[in-house]
Structure formats: structure tokens, C-alpha cells
Amino acid sequence: MIEMAPSLVLVVTIAVLVAVGVYLILERSLTRIIIGVVLLGNGVNLLLLLSGGRAGGPPIIDLTPAEEMSDPLPEALILTAIVITLGMTAFLLALAYRSWHLNGHDEVQDDIEDRRIAYLAARDELAFEDTDTDVVVPDIESEAHEVRDETDTLTILVGEEGLVNVPVEAVRPSGDAPDDGAPDDGASQTDREEPR
Amino acid sequence: MTLEWLAPVPAILPLFGAGLALAMWRSKRAQLIISVVVLALVLAAALTLLLTVGDAPYVLDIGGWSAPVGINVVADRLAALMLTVSSAVTLCVLLYSMAQGLADGGEDTPVAIYHPTYLVLAAGVNMAFLAGDLFNLFVAFEVLLAASYVLITLGGTSARIRSGTIYIVVALVSSVIFLAAIALVYAATGTVNMAHVALRLPEIDPGVAQVLQLLLLLAFGIKAAMFPLHAWLPDSYPTAPAPVTAVFAGLLTKVGVYAIIRTQTLLFPGGTVDTLLLWLALATMIVGILGAVAQDDIKRLLSFTLVSHIGYMIFGIALSSQAGLTGSIFYVAHHITVQTTLFLVVGLVERRGGTTSLDRLGGLAKLAPGLAILFFIPAMNLSGIPPMSGFLGKVGLLQAGVADGTPLAWALVAGGVVTSLLTLYAIVKAWNKAFWQIPPAPLEGAPLPRGMVGPTTALVIFGLGLTVVAGPLYTYTEQAAANLRDRETYIVGVLPDGKRGTGESDEVVAEGGSS
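Only a predicted model underlies this, so the values are computations on that prediction, with no experimental measurement involved.

1. Overview of the pattern of salt bridges
Residues and elements named next belong to chain B.
Step number 1: Inspection of every chain in the model, using the stated rule, returns five salt bridges over all chains.
Step number 2: Among the ionic pairs, Arg162 bridges to Asp235, the shortest N-O distance being 2.9 Å. With Arg162 in helix 6 (residues 158-189) and Asp235 in helix 9 (residues 232-236), the pair connects residues that are 73 residues apart, well separated along the chain. Judged on exposure class, the residue Arg162 and its partner Asp235 are both buried.
Step number 3: With a closest N to O distance of 3.3 Å, Glu350 and Lys299 form a salt bridge. Note that Glu350 is positioned in helix 13 (residues 322-353) and Lys299 in helix 12 (residues 298-318), a separation of 51 residues in sequence.
Step number 4: Residue classification places Lys299 among the buried positions, given a relative accessible area of 5%.

Structure (C-alpha cells):
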């Protein structure tokens, strides 16, 4: 069996690559993020290499005794991972170019809508408006005077004419007119405001 | 057991279809026919797997190389169910997107690359469900992610580039974490085959095993949009074209959930991180749904409910009981369908109303009563109104929580009920505002093409169908959960003698285990 203890040089290299990669990924500029992704990917690929133990002879039967062979599996995995990283890097570069083309910069921006909602919340406003409930509802007593569910007329018995429909206003005592004046708008609106 | 050859078909066929569709880029019609035929065949294959798979999973050692050396494909009950639901959903979304593309005059969907990319996405998703080793799972993730990068930035408009960048960077980070986890798993156990890893993990230091578990959980948690790793999702999904958002919302997060189920049950059955997962599930539910309540845009609202309902699935997994896992699997199947349907319906709303802002929409119930019905059914299903499948899934999970009986499980039961209620609130708000309020300004929408309404209706009916067949489906998920918890059937299926799978390379056995 080949030596399994990892080489210190490789471990330090991985640490540096990953640290620099993470730092760069936290940047705003997409170009720096791309460099970060590449470094991070290389660091992890080295980690994969490390997982197979130290390097031995080429893993080909009849060329190297089985005990001295390198582990070929991590190498195959790294190869796949490198190809994938290459493809993703190419796509990210295209994306950065497109972003620069459209906006003149390659900055990775925050969630704009989220910021808008946070702003509204900070001002204690609703994220949306209820347009059709903005009709001012008068207080319940004056509304009860006005609303007629079935008809706007009353059916009453008038002498020999029998049943006749007359407007409501005709039978209401004149002194008892409902006060349909505008109620205090401000007060009723603050009452309905939902607590946030 | 003669159907083993069928197992890799759902992953391979779309890849061939993608190549063919790319070669036929000149002809829209040829591409459409290829995609539809391929996805229909995949659906048929998945259905066959679903109906025939027993306790023993279908295992195929690819190329005749025996398991830990070669790559293998494993289709058990869970994988077959996921494959069936996802194929049905992808097929419907494809038809929908075609109708939209044709109606838009191909402006929104560059047809030449849309079909191949979509098929590659389907291949990646199916491959992830079938992967028998961790590295294959990684490759499947990369395949579906690469396709999703293209789809989410489709057309390259300013908004899509902005939100797509965030999505891609986050996905890349999660991939790197996953790859590092694989490297460490290989260093610790000397194998990446999942059945083999499951055999060897008990032999290594429990602390190391837990680190591996947490790393894998971190990688999959980002994919599944689990709190606190969810912030990328509501930002990036809504700007993509409606069918793309629909298929992403339905499938991609569920692939993450599937990977969590697979690794938690097969590799780490001890339940050492269950408490952590329960807390995360609770936070995911509550934070997600509170986010949904605050939204004005209906697509973002649905994205937040998506995050929130991931919490239910994590809840079931974290209980690590038969009932919990059953409920979780059922909920995944239900949620894929209903969430995709809702996003498709919102695509119709956007088309009819010209906007997805709840402030500007209104009166759609009068303009398009059929659309109102199409929205109402999956919306009620999502919020768990009896007797629909959302209700059944939630009841299953809540029962599992009550059966668990710990204070934390009770907290999650309460959290689940509150989340369900708040989902209803958010959805009803969207319903009232989009369909019933008087629109502030007349809506500038186009009439709905029949080709878009048809697949949406089909998915709505499919969602209702899940309710009708809920009994058999629940029995099926119960069996799937039992198979998952009884890891022996999986491990023996892959490695019959505990060392090697069926196939060649017998001479290597003499050398003993690798490395």
C-alpha cells in the first residue's frame, strides 16, 4: 500500500487556495467571483487528489506492482471536476461580459424587490394597496338607515289603490333624515389600518 | 427482475434527445416532436418502474462493471415515484412552454437552444434520482445546474442576468461544498458508492462521520432552499420565464430534498442531527411563510411559499420515523405537482393581466372565470384544504409529529398548523386581489392560447388525481419509506455478497477492498 499520510505542502496549498477563493467569492464584482470560483475549485480538486494518498507509480498493470500504484479513482474524479469547472467558468465569463454589455458593470446586485419591501416595512406601510376597500365606509348607524337589501322602495297599502310601491323617502318622517354627511375620514382610516 | 435495463433509460434518453434536438436546430417542429416523444417515453419508462419495482430495487451495473468499481444505477420505490412525478410535470411544462413560445412568436424562447437545454435538465434531474454513488449524484447535479443556468438567463435581459448571476454563484458554491464532501468521504472510507459507504461508515470515527453528514447536508440544504440557505430562491426564480420558473420550483428544490432523504436514511441512519434538522424545519416553515405574507408580486409570493413548504419535508425527514418519512415522501410528490401547477397558472395570469403585481391585477374572475378555477384548485390544495392531497400530506406529517411526542416535535406540529394557516392567508390574499378587486387601471393582457391552458388543466387534474389515488399512493410511500429505513434491501441489492456487485472485475476481489 502507498503512504496515506497527506503531504503538508499540499495541505497548505489547499488552505491558501480555499481561503483566497472564499475571500474573492465574497466580492461584489463578478470577475473577481469567477477567479474565486476557479481558485476554490482548484483547492477542492487538490483535496480530492489528497484523498487518494500519496503519488505512486502509474496505475497500469504490468508497469507498476499493485502495491505501488497511485489510486486512479480520485484522478478520474478530478478530471471530471476540472471539466465541469471549466464549463462553468466559461459560462460565468459570458455572463459577466453580458452584464458589462448591458449595465456597464459586472456587479452582483442585491435583491431589489426585497429592499423595496424592507423599505416599506421600515416606514410601516403595507407592501400593497387595497384600492377597492378605500371607499369610505360610514359608521354603522348611518349605514343602517341607508342600506336596503331587497328594494329601494317600500310596498305599502294606499286606500283603494291597493298595494303600491313608493320611494323610501316618501314615507320617512321629514325630521328623521339620516345624516349621510361624510364621517371623519382620518379617524375611520386609522381604525382600519392593520398593525404590522 | 428482467426490467433492470429500464432503470437508466430516464437519464439516458433525454440526453440522446438533446443531441438530436440540437442537430435539428433549424426545424422548430422536429425539435418539438423529438422533445415530446422523448419525454413521453421517459414517462412511460418511469411508470413501468413505478408499477413493477418491489422491495428489492432495480440495480444495473453499467457496462457490466461490478458495483464499487463501476458506476451503478439504482431505482427503488422512492426513485421510481420521483421519476414518475417529475416526468409527468416536465412533459406538461414542455407543452405549455411550446404554446407560449409559439404565441410569443419565438421571441421569449430562443427555440434552437431551448429544447436541448430542457432535455438536458430533465436528464440531470432523472440521473440524480437514479444515482447509485455520490460522485454520480454530483455529476447529475452539475448536469441539471448547467442546464438551469442557461434556462434562468434565457434571452439575456437585464433583469434575468441580474437574478441569474446570484443563482449561479450560490449554486456553484454549493457544488464546491458537495465536491469537498465527496473528497472527504473518499478519504475517510475509500469509496464513493453509496451502498459501500453505508457499509463502511460505521467503522470510522463517529466525529468524522458527523462532519461528513453536516457537509453533505449543507450542500443539499442550499439546493433544497432550507433556512438559512434559502435567500437566493425568491430572488432568482421569479424573473425567469413562467414555464422555467414552474419546472425549477417543482423539481430542483425537490432534487435537493431527495438527496437529503437518500443520504440521511442510507448513509447516516443514526439520527444524530435530527434536533438540528427539526429546528431548521421549523425556521424554514415560519420564515418562509412570513416572507410570503409580505410580498406584493404573486410570483415572489409563491416562491416564498415554496421555501416554507420545504420545511414540511425536512420535518418528516428529521423525525426519522416510519410515519414521518412516509409523510415526507408523499408531501414531496404532492408539492412537485401543486407548486408547478401554480407557477404555470401564474404564467397564465401574467399573460391575461399583463402583470404579476397584486397591486395592478384585479377582476380576473370576471375576465377569465376558467383561469380563476385553475388557480383556485391548486391554491386550496397548497394551503391544505380537505380533502385534497395537500391536506392528506400535512395530516400525515402532523400525525407523525404527534406520535413522536417530544416537545420539539409538538412545536413543529404547531408550527406546521400555523404555516398552513398563513399559507391560506397569503394565497387568499392573492386570490382576492388578482381575481376579485377592481383593477386600478384596465389590464393590458392578451387572450390565453389553448395550448397553454391545456397542459395547465392537465396538471390541475393530475393534482386532483393524486387526491383520488391518495390511498394507494400513501401505501406506496409507506413501502418506500420502509425500504429506505430497512437499508439492507438497498445494500444487498447493490452489493449482493457485501463486497462486490454483479458483473466483471472478479479478479480484483481477490485483492480485497480497494485502498
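2. Thoughts on unusual backbone geometry
Residues and elements named next belong to chain B.
Step number 1: In this chain, Phe227 is followed by Pro228 through a cis amide linkage whose omega measures 0°.
Step number 2: Of note, Pro228 is situated in the loop between helix 8 (206-224) and helix 9.
Step number 3: Pro387 follows Pro386 through a cis peptide bond whose omega is 5°.
Step number 4: Take Pro387: it is sitting in the loop between helix 15 (369-382) and helix 16 (389-404).
Step number 5: If you check the backbone angles, Ala225 has positive phi at about 60° while not being a glycine.
Step number 6: Structurally, the position occupied by Ala225 is in the loop between helix 8 and helix 9.
Step number 7: Its relative accessible area of 1% is what places Ala225 among the buried residues.

What counts and what doesn't
- Residues numbered from 1 in each chain as written.
- Chains lettered and ligands numbered in written order.
- Predicted model: local features only at pLDDT ≥ 70, side-chain atom pairs only at ≥ 80, totals over all residues.
- Heavy atoms only, no water.
- Salt bridge = Lys/Arg side-chain N within 4 Å of Asp/Glu carboxyl O.
- Helix = DSSP H or I, 4+ residues; strand = E, 2+ residues; numbered from the N terminus.
- Buried < 20%, exposed > 50% of the residue type's maximum accessible area, 1.4 Å probe, protein only.

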